[in-house]
Amino acid sequence: MQDNFPLPPKQQNLPNQRWLIYPEQPEITKQLAKTLEISPLIAQTLINRDISTIEQAQAFLDPESIKLPLPIQEFPDLDISLNLLQSTISQQQKIAICGDYDADGMTSTALLLRALKHLGAKVDYAIPSRMQEGYGINQRIVEEFHQEGVSLILTVDNGIAAYEPIVRARELGVNVIITDHHDIPPKLPPAHAILNPKLISETSPYRGVAGVGVAYILAVSLAQRLGKHQGLIKPLLELFTLGTIADLAPLTGVNRRLVKRGLQYLPHSQLPGVQALIQVSGVQAKEEGRGKKEEGRGKREEGTYEEGRGKKEEGRGYPPLSPFERGEEEGTQTPSNFQQSVDGEVLNPKSKDNQKSLKPDDIGFRLGPRINAVGRIADPQIVIELLTTDDMGIALERAMQCEEINQKRQLLCEEIEQEAIAWCESSQINLQEERVLVVVQPGWHHGVIGIVASRLVERYGVPVFIGTYEEEGEEIIRGSARGIPEFHVFEALQFCDELLGKYGGHRAAGGFSFSAENLDKFRSRLSEFAHQCLEINHLKPLISIDAEAEIKELNFNLYRQIDLLHPCGIENKDPVFLTGNVKIYEQRIVGKGHIKLTLIKGEKIQAIAWRWGDYFPLPSVVDIAYKMRENTWNGQSNIELELLGVRLPMEVSRNSQTSPQNFPQKAEFSYNSRLYSCSLYQIGNVKELRIRNSRGEVLAIQQGQKIGLLGKTRNSAKQVDVSDARFYNLIKAAMSALKL
């Protein structure tokens, strides 16, 4: 049952992509659209996000309507942690925070420093050296803390796998609270308390919080217990928002609710460091949409964009805070004027400033990289001072340092990327044969090779493992990995366990080190693992498409409805639409290799394709996959398209005079939240549909037959009744993906 047909030749001037088009569900779409008064395109997008009931949709579109459980009910060790902190603060004993050098770790450290100082604690911090020590708390830090008279160590964004350092802390009589969000190791360290969302229920709204989210929960819970929450919640929520988005945490659950609020706070932040960072990065907040074309507009910066806000009822400022967000516990008495002080002093609903908001992309592509760059190639203390100072002069100095360091980081990335591409081209590596790319060169900076790995994945469509040699000699290789949807990076590293020194990661990314003498074995073992989970068709960048739309539907009304889905980001992507048989009326190169286009299908619309200069000029008629965006120029705003993918029109390729039907026809689709690939073959005079799941099992059905075959090979396959509902609906989804 293997596909023995050769791959079609790669189309010239087109990105080498695969498109996954979600199957239409017209009945549910119609029900959601009618009840919620939204476009069917938005309704279909919600369904694609596994939101298919009215209740689920209402809760998603209005996250403030959900009653959050108190964190103390969700995190078993939170009460122990609060008792330890309260006791340590009251006795004026020293607390030390051990942070991390990425954006999540640095914002977590700054958040707890601000909170604990506000609450009267004697507190300091340390962050291990990325270059000399690597990730996480270590015995050196533990012993130095002990020598300094530290009574309580508080880890942030690390510690869950630091068994030996925590054992050492206990031997020295130092109390330890671990706050982390990384995967749980087989053996937990013997800390006095552990706060990690991976240890709580998978259905908890707190399950997806990053390290900064755990720090926020601990800080707010402690402040409410001590009755010192006023003036603290807002700046902590701003830091929570920065860290959550920069760490690529899922924007679902409590993250979605709090980030949505935090993005409203940031434009009028009272934190000097946040003000300075926004100023040097050039980010501008936009008005929330209120039904007028003059409001809610953004402009596209190179490589990112700022979008308008959704429509809200007139006179509405910020929605009321939940008890947890206010710093209350259920049943506790708060000052009668507490809510009024929040609304009056911080969140005046009549203030025009409160109609402004940032977008996740402002952080992900503008603010976050300037923070992350420092942790990658410089001293994290710069960021900690930036986010904890109350002196605007110091904040501007640190923000300018972040800007300069980020520019250096960009140059390093460009240089290493070009060297890596040159090596790939000169080595003539056969990626369809290897199915994984391993690139190792001397002299590269450890701190930025992970970024380069992501760019190589975009370019070549295969998992990438990139490394460089340690400074002293060339005996040890240290590197980073980035994957594709069908490839589990951490499982791949586990497959190479006996060849590696230290390693860690998750499905999409990882880090590793190993002896240089094992390089060839490492490359071979990774290729062996890749062959177990990747097919040839997987070796292309994946474009997931929510629905098919016509150009006439792409107006400001739809754009404002898309805003209801925000904040968009990880696990809540911006909607991607498909329009077929679009004519390219005009196209030209602009900026650094971008294509600016005028498209026609009934109506004209402008589009931009970022960094697509290699594909210029595009064919005159194409199918397009895109996101909607807003462009403002000289005070005029209009809807534009941001192209993510193009292909020759399906109608053209299927009705070509030289080839009436090109077989096999292939597509990918999602059904019941699982990915499948499907192919239609011509076997003699009979057509056969084959549907393959992620385990390599194939369902084969020939036209007009009620019985199909299910298995990994034709010889070992068993017969199944394809009229059974579990097969019938799967087959309908596959036929929809193939447009049959």
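Note that the structure is predicted; figures quoted are calculated from it, not measured.

(A) A look at the overall build of the protein chain. The helix and strand tally for the protein chain stands at 24 helices and 28 strands. A buried classification covers 55% of the 740 residues belonging to the protein chain. Contacts in the protein chain between residues at least 24 apart in sequence constitute 65% of all its contacts with a sequence separation of at least 6. Accessible area of the protein chain: about 32,900 Å², with a carbon and sulfur share of 47%.

(B) Just the pairing of strand β25 (residues 686-692), in detail. Here β25 lies mainly inside the structure; 5 of its 7 residues are buried. With 5 bridges connecting them, β25 and strand β26 (residues 698-702) associate as antiparallel partners. Residue pairing for β26: Glu688 is matched across the bridge by Gln702. The antiparallel hairpin formed by β25 and β26 contains 5 residues in its connecting segment, where Gly696 sits at a positive phi of about 90°.

(C) Inspection of helix α24 (residues 725-737) at higher detail. Relative to the 18 Å expected for 13 residues at 1.5 Å per residue, α24 spans 18 Å between its end C-alpha atoms, a close match to the ideal helical length. For α24, the full list of buried residues reads Phe727, Leu730, Ile731, Ala733, Ala734 and Ala737. The buried residues of α24 occupy one face: seen down the axis, they fall within an arc of 160°. Its side-chain oxygen placed 3.0 Å from the backbone nitrogen of Arg726, Asp724 serves as the N-cap of α24. Just beyond α24, the residue with positive phi is Lys739, at close to 60°.

(D) Representation of helix α11 (residues 253-265) within the structure. Compared with the 18 Å implied by 1.5 Å per residue over 13 residues, the 19 Å span of α11 between its first and last C-alpha is a close match. Across the 13 residues of α11, 12 count as buried, placing the element largely inside the fold. Listed as buried for α11 are Val254, Asn255, Arg256, Arg257, Leu258, Val259, Lys260, Arg261, Gly262, Leu263, Gln264 and Tyr265.

(E) Up close: the packing of helix α17 (residues 392-427) against helix α19 (residues 449-460). Taken N-terminus to C-terminus, the directions of α17 and α19 make an angle of 45°; their axes are 9 Å apart at the nearest point. Comparing the axis directions of α17 and α19 gives the class oblique. The two elements α17 and α19 meet at a crossing, and its hand is right-handed. Two secondary-structure elements touch here, α17 through Arg409, Cys413, Glu414, Ile416, Glu417, Ala420, Ile421, Cys424 and Glu425 and α19 through Ile449, Ile451, Val452, Arg455, Leu456, Arg459 and Tyr460.

(F) Quick peek at the confidence of the model for the protein chain. Predicted confidence across the protein chain gives a mean pLDDT of 84, with 85% of residues reaching 70 or more. With pLDDT under 50 throughout, residues 1-11 is counted as low confidence; its partners more than four residues away or in other chains account for 23 contacts. Counting contacts from residues 289-354, a segment whose pLDDT is below 50, to residues more than four positions away or on other chains yields 163 contacts.

(G) Spatial organisation of a nonpolar patch on the surface. A cluster of nonpolar side chains, contributed by Ile184, Leu188 and Leu199, occupies part of the molecular surface with about 210 Å² of accessible area. Counting through the fold element by element, Ile184 comes out in the loop between β5 (175-179) and β6 (193-195). Since its relative accessible area comes to 31%, Ile184 is described here as partly exposed.

(H) Structural detail: the sheet that holds β6. The strand order across the open sheet formed by 5 strands is β3-β2-β4-β5-β6, and the pairing between neighbours is parallel. This sheet does not close on itself; its edge strands, each paired only once, are β3 (122-126) and β6. Strand after strand, the sheet turns through a mean of 20° between neighbouring axes, direction not considered. Sheet analysis places β5 next to β6, joined by 3 bridges and oriented parallel.

(I) Quick peek at the pattern of salt bridges. Throughout the structure, instances matching the rule amount to 25 salt bridges. Here Arg647 ties to Asp623 by a salt bridge, and the two come within 3.1 Å at their closest N and O atoms. Residue Arg647 is found in strand β22 (residues 636-647), and its partner Asp623 is found in strand β21 (residues 621-633); the two are separated by 24 residues along the sequence. Under the relative-accessibility criterion, Arg647 is labelled buried at 17%.

(J) Structural context of the packing of aromatic side chains. Counted by the stated rule, this structure contains 14 aromatic pairs. Ring centres of Phe487 and Phe529 lie 5.3 Å apart, and the angle between their planes is 90°; on these two criteria the pair is classed as edge-to-face. Linking Phe487 in the loop between β13 (476-482) and α20 (489-495) with Phe529 in helix α21 (residues 519-533), this pair joins segments that are 42 residues apart in sequence. Between the aromatic rings of Phe669 and Tyr676, the centroid separation amounts to 5.5 Å while the plane-to-plane angle is 15°, which identifies the pairing as stacked. A residue is classified by how much of its surface remains accessible, and Phe669, at 0% relative accessible area, is buried. Taking the ring centre of Tyr585 as reference, the NZ or CZ of Lys604 above it sits at 4.1 Å. The ring of Tyr681 carries Arg690 above its face, with NZ or CZ at 4.0 Å from the centroid.

(K) Spotlight on the nonpolar core. Ranked by size, the top nonpolar core spans 124 residues in total, and within it Leu116, Phe465 and Phe522 carry the most contacts. Leu116 has contacts with Leu85, Ile89, Ile95, Ile97, Ala121, Val123, Leu154 and Leu222, leaving out every residue within four places of it along the chain. Counting residues in hydrophobic clusters, the runner-up holds 44 residues, among them Tyr559, Leu565, Leu618 and Leu643.

(L) Looking closely at the side chain of Asp102. Looking at the secondary structure, you find Asp102 in the loop between β2 (94-98) and α6 (103-118). A distance of 2.7 Å separates the side chain of Asp102 from the backbone nitrogen of Gly105, its partner in a polar contact. Residues in contact with Asp102, not counting those within four places in the same chain, are Asp157, Asp247 and Asn372.

(M) Unusual backbone geometry, seen in detail. A cis amide bond links His566 to the next residue, Pro567, at an omega of 5°. If you trace the backbone, Pro567 turns up in the loop between α22 (556-562) and β18 (577-590). Cis geometry marks the peptide bond from Phe616 to Pro617; its omega dihedral reads -5°. Within the fold, Pro617 resides in the loop between β20 (603-609) and β21. One non-glycine residue, Asp157, lies in positive phi territory at about 60°. Residue placement: Asp157 occurs in the loop between β4 (150-156) and α8 (163-171). Judged by relative accessible area, Asp157 falls into the buried class, the value being 0%. Even without glycine at this site, Leu248 takes up a positive phi of about 60°. Locating Leu248 in the fold gives a position in the loop between α10 (233-246) and α11.

Cut-off values and rules
Residues numbered from 1 in each chain as written. Predicted model: local features only at pLDDT ≥ 70, side-chain atom pairs only at ≥ 80, totals over all residues. Heavy atoms only, no water. Helix = DSSP H or I, 4+ residues; strand = E, 2+ residues; numbered from the N terminus. Buried < 20%, exposed > 50% of the residue type's maximum accessible area, 1.4 Å probe, protein only. Contact = heavy atoms within 4.5 Å. Areas by Shrake-Rupley, 256 points an atom, 1.4 Å probe, with all protein chains shown as cover. Pairing = 2+ DSSP bridges. Expected span 1.5 Å × (residues − 1). Arc of directions from axis to C-beta. Polar contact = N/O pair within 3.5 Å; in protein donor to acceptor, adjacent residues only side chain to side chain. Axes fitted to C-alpha atoms, helices over the stretch in contact; angles between N-to-C directions. Parallel < 35°, antiparallel > 145°, perpendicular 65-115°, else oblique. Left-handed = near helix turned anticlockwise from the far one by under 90°. pLDDT = per-residue confidence, 0-100. Patch = residues over 30% accessible without salt bridge, like charges linked within 9 Å, V, L, I, M, F, W, Y side chains within 5 Å. Salt bridge = Lys/Arg side-chain N within 4 Å of Asp/Glu carboxyl O. Phe/Tyr/Trp six-rings, centres within 6.5 Å; stacked < 30°, edge-to-face > 60°. Lys NZ or Arg CZ within 6 Å of the ring centre and 35° of its normal. Core = buried A, V, L, I, M, F, W, Y, C linked by side-chain atoms within 4.5 Å.

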